[in-house]
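# Summary of structural features
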Amino acid sequence: ENGDPLLVKKDESSKSKKDADDAEKEEESKEPLAKKRKKKSFHNINELLAEAKAAKQILLEKEKRDAYDNSIPDEVKASYVALDCEMVGVGADGKQSALARVSVTGWQDEIILDTFVQVPDRVTDFRTHVSGVRAKDIRFTNHNAMELHACRKKVGQILQNKILVGHSLKNDFAALMLDHPKSQIRDTARYKPFMRASGRNGGKLRPRKLRDLVKENLDLIIQKEGQEHTSVEDAVATMKLYKCARERWEKDLEKELASKHKGYKR
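First, a word on scope: everything that follows refers to the structure included in this document. The structure presented is a predicted model; accordingly, all values stated were derived computationally and were not measured.

## So, the pattern of salt bridges
- Throughout the structure, instances matching the rule amount to twelve salt bridges.
- A salt bridge links Arg 101 to Asp 114; the shortest N-O distance between them is 3.0 Å. In this pair, Arg 101 is assigned in strand β2 (residues 96–106) and Asp 114 in strand β3 (residues 111–117), connecting sequence segments 13 residues apart.
- Between Lys 136 and Asp 137 there is a salt bridge, and its shortest N-O distance comes to 3.8 Å.
- The exposure class of Lys 136 is exposed, given its relative accessible area of 52%.
- Through salt bridges with shared partners, a single network forms among Asp 69, Lys 77 and Lys 243.

## Focus on the layout of surface pockets
- Computed from the structure, the largest pocket encloses a volume of approximately 890 Å³.
- Lys 182, Ile 185, Trp 249, Leu 253 and Glu 256 are, among the 22 residues lining the largest pocket, the residues nearest its centre.
- Looking at the lining of the largest pocket, the elements with two or more residues in it are α6 (169–176), β7 (185–187) and α8 (231–265).
- Sorting elements by how many residues they give to the lining of the largest pocket places α8 first, with seven residues.

## Focus: the pairing of β3
- Bridge analysis of β2 against β3 gives five bridges, and the strand direction is antiparallel. Across the sheet, Val 102 pairs through a bridge with Thr 115, a residue of β3.
- Hairpin connection from β2 to β3: four residues lie between these consecutive antiparallel strands, with Asp 109 at a positive phi of about 70°.
- Examined bridge by bridge, β3 and strand β5 (residues 145–146) share two bridges and lie parallel to one another. What sits directly across from Phe 116, in β5, is Ala 145.

Conventions we followed
Residues numbered from 1 in each chain as written. Predicted model: local features only at pLDDT ≥ 70, side-chain atom pairs only at ≥ 80, totals over all residues. Heavy atoms only, no water. Salt bridge = Lys/Arg side-chain N within 4 Å of Asp/Glu carboxyl O. Helix = DSSP H or I, 4+ residues; strand = E, 2+ residues; numbered from the N terminus. Buried < 20%, exposed > 50% of the residue type's maximum accessible area, 1.4 Å probe, protein only. 1 Å grid on protein atoms, 1.4 Å probe; cavity = no way out; pocket = protein on both sides within 12 Å on 5 of 7 lines; lining within 4 Å. Points joined across faces, edges and corners; volume = space filled by probe spheres on them. Pairing = 2+ DSSP bridges.

None of the figures reported here should be taken as evidence of function without further support.
Written out as structure tokens, the structure is:
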């Protein structure tokens, strides 16, 4: 009734062995996981020291800029404005630019003017992913959007007798159909220390992106990937960028002017 004792004993022995094998496999499978859990990642001491040094350098540079900024008279600060414009595309392919928003800010980041502009032509590309401009912003029914000629006149009045700071200002001038005295322009896209030589062995200097210059010189992030641009933010960032280089920039201009006068005398 109970079967052959030898067969029962053999079955029990096989079962015990199987259980032992299973337990061993389970322990083996747990072992790498346990090792992974025990393993901790540590920062390289040299990397930590380099990061601390970089952070200290940024702080020292900021303190130096603040001290220099405080030494500038208020009337001099009041003579500076920053300009940035947003464009939309017109024409069959949308590649022709038309003015859609204008922002003018001051030395202390204050907003002097920020307005959408009515576009008289049919817009074929709003470039919203970059410009942040939508159809409702520039409709003629939108009373917050200025008429183009009124906007040009307003901007021209603001810029009168001002030192103008901007990035790739030729694009803004083209959209506004305005000009400004060369001696009163501070274009961060055309300032040589902010430019980069093209080609392996140097060559022609090329403008760099405002976003990269601001990150590199001020450790600030603007124009985040996937986010719409804002002309106020760009104008403020351009002024900050100019301010960090102003001392050297103005000295270079003085030397250049003195050299020209010397040449005239000869």
